[in-house]
Amino acid sequence: MATTAVGQPLSRVDARRKVTGTATYSAEHRIEGLLYGVIVNGTVARGTVSRISVDAALGHPGVLRVLTDFGKLQLAHPVDRLAFYGQPIAVVVAETLEAATHGASLVEATYERQDAVTDFDDPDIPSQTPEDEPDYSRGDPAGALASAQVKVDLELTSARENHNPIELPSTIARWQDGRLTLWDKTQWSQGAARTVAGALGIAVTDVRVHNEFLGGGFGSGIQTYDHVVLAAFAAREVNRPVKVVLTRRQFYYGTGFRPASRHRMALGSTAAGRVSALVYEVRIENARYRTYTDGLTDLPKFLYGVPNTSTAYRITPIDVHSPASMRGPGVVLGNFALETAMDQLAHELAVDPVELRLRNEPTQDEVSQLPFSTRKLRECYQTGARRFGWSRRRAEPGTRTDGDLLIGMGMATASYHNNRRDSSARARIHADGTAEVFAASADMGPGTTTSVMQVAADALGLPASAVTFRLGDSSYPTAPLHAAACTMASVGSAAHTTCNALKAEFIRRAVADPNSPLHGANPADVQVRDGQLETSGARDTYRDILRRAGLPSLDITGNWGPGDADSRISTYGYGAVFAEVSVDPLLGLVRVRRIFAAYDVGRVISPKLAHSQAIGGMVGGIGMALLEGTVTDRRDGRIVNASLADYLVPVNADVLDLDAAFINTEDPQADPIGVKGLGEITIVGVAPAIGNAVFNATGKRLTDLPIRPEALL
């Protein structure tokens, strides 16, 4: 059957609701009898609450309860002591938000303080090797590095980053007949249901989570944090629905962050540009109460064909809230170290940076020894270089100017593992010929609601306008977390598989029905277009099949999973990112003039949404490269710049010319719809491409993120 919806640049199906304000976000649901909860945060990094005074808060008009005893809750951190600055110590519940907010300001606490360490670089804090990130080695990296003809050995750092989506973390909790309903800003409704059920000691079947609309996430909604559990706890205690919405400052204290990192990246090469040795050592900040790791060593081990490679991953536990995934988790930082060092090596060798990468293309995955499912990275380099105008780059740094400005070009490779996970979907065709597909997924902005609909429409042989994809409800069929760039490959494949099964069931019924024009036909010969089943000139329709059966609808629930595919193939997305910057040598100001990237991400379901994803990732990469950095007071772990007035993120003036192209390829070995994840890879490679462009403009190799003006003066 010819594709009709997949590949079309459709607009988001929920766009009108979002821009007209009729899309209802978590905090906007109108619930009868709703109360308001405001969290009171502790102000020490380590210790216990010795006394808490709530009388003044309870005396404030409108305040109903002040909850301070969390002893029966199972939270991710200790509840009998303070493990980080900002840990909740009370919840004030009131008739109005204003009363709850003022009541919270009247709660007074005294503490028994313990010595705390919040400085990630404190030399007295020993680092640890996490269990899930053992040291890795192949060949003889130390010997190969020592004997290499050309060497690069860099120390690099990155600052902590905080998520800053538009929508703040928000939860409404309501109990009815012992069952809990949550309207929550979460990227994983079923994960939230499990976490809250475990925290409260109830059955997960007694929790239902709604999350139809999300105002951005970037990883901040993967885990279920204290405010969600406390909203449910407060609602149970007062026997009325309770809404909790964190302030922007509480958002910084109360959810995770991209951890600060310290890197050593050493490369050894032959004079001909063949990289023979790679040694990568990385350390990230962690909380004492919980170990967090992500894939920092993934790309250094994998991306190039280096026979002698070693990686070492360390964590430093201190008295802070636990880090969490943020767009391109881990991979984006490991890639920054690798691609910065590759650019420096290209400079030392006097080899074009693209050419150096081409000389070190592997023939298989060097870590798993598996063949690549697809790897169109050469095409990405070629397309990106041509479209960007890479040939105009001057190899000698600091030689291209525009008036008083220095101009530079840089590039970097991007890659991200093609994550696929078990997923389910329910597909239903109604008597009027329309269809619905259900899965407990989410859509925080990439357009999942639209792209899964496109896949389902083609599988069912229906026009896109006749199909609706419904998500955002934990009671729907199982879906993985909406993160790790796994949604389209997982949920999309489940929708594809299930819709094909439903179509096959209609065909089976038609050919078996003596009253059908298709009676006796070979099912394999029946094609479906626009809801019409056809073979050899005979036609039937979904509507007529249901009418004859006296059914209002017919549905099927199906499952899809990657099975053992990852034991047979290595499947990644790839990209080449090119950036041009200007640098004011008197002020040290860097401006990104333009970025262009070419990607191999398998089959592109929705070109318009894919391009939007690419642009969004580039904006995040600009923030990482030049602006974003969380500042903490080392005395107590307080976040100094916990607001959008003080934490810098890119604005329209920072993103003048961003563009992307997609290599025409599919990955049928990875999943039945041939896609690779797109959400994460688009931020990978942006920061090093910008940093490499700054080096090309100035001759200064900057290895600390974000790049600050004073580093260029």
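Small disclaimer: the values here were computed from a predicted structure and weren't measured. (Residues numbered from 1 in each chain as written. Predicted model: local features only at pLDDT ≥ 70, side-chain atom pairs only at ≥ 80, totals over all residues. Heavy atoms only, no water.)

Participant: Where do I start with the environment of Gly 558 in this structure?
Facilitator: Locating Gly 558 in the fold gives a position in strand 25 (residues 553-560). The class for Gly 558 is buried, based on a relative accessible area of 11%. With 83 residues separating them along the chain, Gly 558 and Ser 475 place their C-alpha atoms 15 Å apart. Ignoring any residue separated from it by four or fewer positions in sequence, one finds Gly 558 in contact with Ser 423, Ser 424, Ala 425 and Thr 498. (Helix = DSSP H or I, 4+ residues; strand = E, 2+ residues; numbered from the N terminus. Buried < 20%, exposed > 50% of the residue type's maximum accessible area, 1.4 Å probe, protein only. Contact = heavy atoms within 4.5 Å.)

Participant: Looking at this structure, I do not really get the pattern of salt bridges. What am I missing?
Facilitator: In total, this model carries 39 salt bridges according to the counting rule given. A salt bridge links Arg 179 to Asp 206; its shortest N-O distance comes to 3.1 Å. On the criterion of sequence distance, the pair formed by Arg 179 in strand 10 (residues 179-184) and Asp 206 in the loop between helix 5 (189-200) and strand 11 (207-210) is long-range, its members being 27 residues apart. Judged by its relative accessible area of 23%, Asp 206 is partly exposed. Among the salt bridges present, the one from Asp 544 reaches Arg 547, with a minimum N-O distance of 3.5 Å. Taken together, the positions of Asp 544 and Arg 547, both in helix 14 (residues 542-549) and three residues apart, correspond to about one turn of that helix. By relative accessible area, which is 56% here, Arg 547 ends up exposed. One network of salt bridges, in which partners are shared, links Arg 46, Arg 288 and Asp 319. (Salt bridge = Lys/Arg side-chain N within 4 Å of Asp/Glu carboxyl O.)

Participant: Sorry if this is basic, but what is going on with the pairing of strand 27 (residues 589-600) here?
Facilitator: The side chains of a regular strand alternate between the sheet's two faces. The buried count for strand 27 comes to nine of twelve residues, which makes it a mostly enclosed element. Connecting the antiparallel pair strand 26 (residues 572-584) and strand 27 is a turn made up of four residues, with Gly 588 showing a positive phi of about 75°. Sheet topology note: the strand 27/strand 30 (residues 658-662) ladder contains five bridges and is parallel. Bridging from a neighbouring strand, Ala 598 pairs with Ala 661 of strand 30. (Pairing = 2+ DSSP bridges.)

Participant: Is there a simple way to think about the packing of aromatic side chains in this case?
Facilitator: Each pair of aromatic rings is reported with the distance of its centres and the angle of its planes. Across all of its chains, the model carries 13 aromatic pairs by this definition. Taking 5.8 Å as the distance between ring centres and 50° as the angle between the ring planes, the aromatic pair formed by Tyr 25 and Phe 213 counts as tilted. Linking Tyr 25 in the loop between helix 1 (15-20) and strand 1 (35-41) with Phe 213 in the loop between strand 11 and helix 6 (226-238), this pair joins segments that are 188 residues apart in sequence. There is no split in this pair, since Tyr 25 and Phe 213 are both buried. Taken together, the aromatic side chains of Phe 302, Phe 372, Tyr 572 and Tyr 574 make up a single cluster linked through ring pairs. Across from the ring centre of Phe 372, 4.8 Å away, lies the NZ or CZ of Arg 375, which sits over that ring. (Phe/Tyr/Trp six-rings, centres within 6.5 Å; stacked < 30°, edge-to-face > 60°. Lys NZ or Arg CZ within 6 Å of the ring centre and 35° of its normal.)

Participant: How should I be thinking about the environment of Trp 183 in this particular structure?
Facilitator: Among the structural elements, Trp 183 can be located in strand 10. Linking Trp 183 and Pro 323, residues 140 residues apart in sequence, is a C-alpha distance of 24 Å. What Trp 183 contacts, discounting residues up to four positions off in sequence, is Ser 26, His 29, Ile 31, Ser 170, Thr 171, Ile 172, Arg 174 and His 210.

Participant: What's the story with the sheet that holds strand 24 (residues 538-541) in this structure? I'm lost.
Facilitator: The strands that make up a sheet pair up through hydrogen bonds in the backbone, lying either parallel or antiparallel. Read across the open sheet, the three strands follow the order 22-23-24; overall the sheet is antiparallel. Two strands bound the open sheet, and with one partner strand each, they are strand 22 (527-529) and strand 24. For this sheet, the mean angle separating the axes of adjacent strands, direction not counted, is 30°. Here three bridges tie strand 22 to strand 23 (residues 532-535), and the two strands are oriented antiparallel to one another. Within strand 23, the residue paired with Gln 527 across the bridge is Glu 534. Taken strand by strand, helix 13 (residues 487-512) contacts strand 22, strand 23 and strand 24, and its axis lies near 60° from that of strand 23. (Axes fitted to C-alpha atoms, helices over the stretch in contact; angles between N-to-C directions.)

Participant: How should I be thinking about the side chain of Asp 633 in this particular structure?
Facilitator: You can see Asp 633 is positioned in strand 28 (residues 632-633). The class of Asp 633 is buried, set by a relative accessible area of 11%. Apart from the residues lying within four places of it in its own chain, the contact partners of Asp 633 are Thr 118, Arg 638 and Val 640.

Participant: Would you mind showing me how to read the packing of helix 5 against helix 6 here?
Facilitator: Between two packed helices, both the angle of their axes relative to each other and the distance between the axes serve to describe the pair. Packing of helix 5 against helix 6 leaves a shortest axis separation of 10 Å and a crossing angle of 55°. In terms of axis orientation, helix 5 runs oblique to helix 6. The crossing of helix 5 and helix 6 is right-handed. Listed contacts from helix 6 to Val 196, Ala 199 and Leu 200 of helix 5 are Val 228, Val 229, Ala 232, Phe 233 and Arg 236. Counted by class, the contact of helix 5 with helix 6 contains seven nonpolar, no polar and one charged residues. (Parallel < 35°, antiparallel > 145°, perpendicular 65-115°, else oblique. Left-handed = near helix turned anticlockwise from the far one by under 90°. Nonpolar A, V, L, I, M, F, W, Y, C, P; charged D, E, K, R; others polar.)

Participant: It is not clear to me how the sheet that holds strand 11 should be interpreted in this structure. Could you clarify?
Facilitator: Read across the open sheet, the seven strands follow the order 3-4-1-12-9-10-11; overall the sheet is mixed. Sheet topology places strand 3 (63-67) and strand 11 at the edges, where each strand pairs with a single neighbour. Here the average twist between neighbouring strands, direction ignored, is 20°. Looking at chain direction, strand 1 and strand 12 (residues 242-245) are connected through three bridges and run parallel. Bridge assignment links Tyr 36 to a residue of strand 12, and that residue is Lys 243. Relative to strand 9 (residues 170-176), helix 6 is tilted by about 35°, and along the sheet it contacts strand 1, strand 3, strand 4 (88-94), strand 9, strand 10 and strand 12.

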